[in-house]
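# Descriptive analysis of the structure
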Amino acid sequence: MQFKSMVISNTEASPGYYRMRLTAPHGLSTSRPGQFVMVKVRDAIDPLLRRPFGIFDLGSSVAEFGDGSEQTYLEILYRVVGRGTVMLATLHHGDHLDILGPLGKGFEQGTPTEEKILVGGGVGLAPLYYLAKELVKESPVRLFIGGRTREDILCVTEFERLGVETYVATDDGTLGVSGLVTEVMERHLTEKNQAKTMFACGPMPMLKAVAEIARRNAIPCQVSLEAYMACGMGACLGCVVKGREHEDYRPDYRCVCKDGPVFDFRELQWI
Ligand SMILES: Cc1cc2nc3c(=O)[nH]c(=O)nc-3n(C[C@H](O)[C@H](O)[C@H](O)COP(=O)(O)OP(=O)(O)OC[C@H]3O[C@@H](n4cnc5c(N)ncnc54)[C@H](O)[C@@H]3O)c2cc1C
């Protein structure tokens, strides 16, 4: 669906990272965690392409609007990296955006009551909050967040408020354990040997490490990928990644936007 949305708030969550709350049509509330939206960052021809963002949160609220009506809201969490996100960061309450979504395939939530392990690297944390909100209704959830430095560790308090047990690792040791988040996560796996499912989103080297841990420990694992994409609907083929080869070595390609962004790690070729 395509809709016009009003910015409710757009605040800096950490230096270089923003959290934007937007009005959304009621129909968006059927979106699944892991799906994404394509945002036209400005009402002009330039920049031409919409930018993809994961759904950080989705809910309804009465308080923000003052007229007593319940309004659906959508939140995105984004890092300022280039022209489009610089433009987004200048928006204020009352500005409008054109949005397309929900798009893509979301996370499968796995067996209820089984422990769920979430792994987020930097702004890859974005789709995991809405996922955690759903998972905590039926399962214990642990979140492992990694970043280069403390400023890349986002929204820990929000996850803890949901009842999620949170572990932090930074490359430079300025917050949490010093080292890679995947090492912290794997130590946890070997300490607590019980059935679990993993969900991960973040930079490709982190996802590769998570996939390898999932393979070694025979744990179901879904990963959410980021790729350059123009249309978000499988038409431009700009976001193609290599899937696992067929038995006759025929390559198998997947569109991140339409077949993903969430994949079972076994569907992808990691080397
Ligand atoms: C399905 C999906 C969900 C995403 N969700 C989020 C999210 O929740 N929060 C968030 O901050 N970002 C997310 N991204 C990445 C985000 O779309 C890009 O950062 C954004 O489009 C950059 O736009 P720009 O105009 O600011 O940068 P540009 O000027 O287009 O690019 C500047 C630099 O940003 C990096 N970049 C640009 N596009 C991408 C991309 N698609 N993936 C990885 N790196 C990129 C490159 O290093 C590039 O050189 C997501 C991407 C995908 C495909």
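Structure: see above.
Reference entry: report on the structure contained in this document.

The rules behind the values
- Residues numbered from 1 in each chain as written.
- Predicted model: local features only at pLDDT ≥ 70, side-chain atom pairs only at ≥ 80, totals over all residues.
- Heavy atoms only, no water.
- Helix = DSSP H or I, 4+ residues; strand = E, 2+ residues; numbered from the N terminus.
- Rg over C-alpha atoms; globule rule 2.2 N^0.38 Å.
- Contact = heavy atoms within 4.5 Å.
- Areas by Shrake-Rupley, 256 points an atom, 1.4 Å probe, with all protein chains shown as cover.
- Lys, Arg positive; Asp, Glu negative; His and termini not counted.
- Charge placed at Lys NZ, Arg CZ, Asp CG, Glu CD.
- Pairing = 2+ DSSP bridges.
- Axes fitted to C-alpha atoms, helices over the stretch in contact; angles between N-to-C directions.
- Near = heavy atom within 4 Å.
- Polar contact = N/O pair within 3.5 Å; in protein donor to acceptor, adjacent residues only side chain to side chain.
- Nonpolar A, V, L, I, M, F, W, Y, C, P; charged D, E, K, R; others polar.
- Right-handed = clockwise from strand over helix to strand, strands pointing away.

When you go through the chain residue by residue, the secondary structure sums to five helices and 16 strands. Taken over C-alpha atoms, the radius of gyration comes to 18 Å for the chain, in line with the 18 Å a tight globule of 271 residues would show. For the chain, the C-alpha atoms occupy an extent of roughly 50 × 45 × 35 Å along the three principal directions. When contacts within the chain are restricted to residue pairs at least 6 apart in sequence, long-range pairs at least 24 apart make up 63% of them. Only carbon and sulfur atoms are counted for the fraction: they give 52% of the accessible area of the chain, which is about 12,900 Å². Counting 30 positive and 34 negative side-chain charges, the chain places the averaged centre of each group 3 Å from the other.

What follows covers unusual backbone geometry. Of the consecutive residues D46 and P47, the connecting peptide bond is found in the cis state with omega at -5°. Going from G260 to P261, the amide bond is cis rather than trans, its omega being 10°. Relative to the helices and strands, P261 is located in the loop between β15 (252-255) and β16 (262-264). For C155, which is not glycine, the phi torsion reads 60° and is therefore positive. Examined against the element boundaries, C155 turns out to sit in the loop between β9 (141-147) and α3 (156-161). You will see that L237, though not glycine, has its phi angle at about 60°, which is positive. The residue L237 is located in the loop between β13 (221-224) and β14 (240-243) in this model.

Right, let's talk about the sheet that holds β16 for a bit. Taken together, the seven strands give an open sheet; going across it, the order is β11-β10-β9-β8-β12-β13-β16, and neighbouring strands pair in mixed fashion. Looking at strand neighbours, the two that pair on one side only are β11 (177-178) and β16, the edges of this open sheet. Strands β8 (115-121), β9 and β12 (196-201) of the sheet are contacted by helix α2 (residues 126-135), whose axis makes an angle of about 165° with β8. Helix α4 (residues 181-191) rests against β8, β9, β10 (165-170), β11 and β12 of the sheet, and its axis sits at about 155° to β9.

Surveying the vicinity of the ligand reveals 19 residues, the closest of which are R51, P52, R79, G84 and T85. L77 places a main-chain nitrogen or oxygen 2.9 Å from a nitrogen atom of the ligand. The separation between an oxygen atom of the ligand and a polar main-chain atom of G84 is 2.7 Å. For the shell around the ligand, the secondary structure elements donating two or more residues are β4 (51-54), β6 (71-79) and α1 (83-89). By residue number, the principal contributor to the shell around the ligand is β4, which donates four residues. For the shell around the ligand, a count of residues per class yields 11 nonpolar, four polar and four charged.

Another point: the pairing of β10. Bridge analysis of β9 against β10 gives six bridges, and the strand direction is parallel. Bridge pairing in β10 places G146 opposite A169. Since β9 and β10 lie parallel, the crossover through α3 that links them has a hand, and here it is right-handed. Examined bridge by bridge, β10 and β11 share two bridges and lie parallel to one another. Bridging across to β11, T170 finds its partner in S178.

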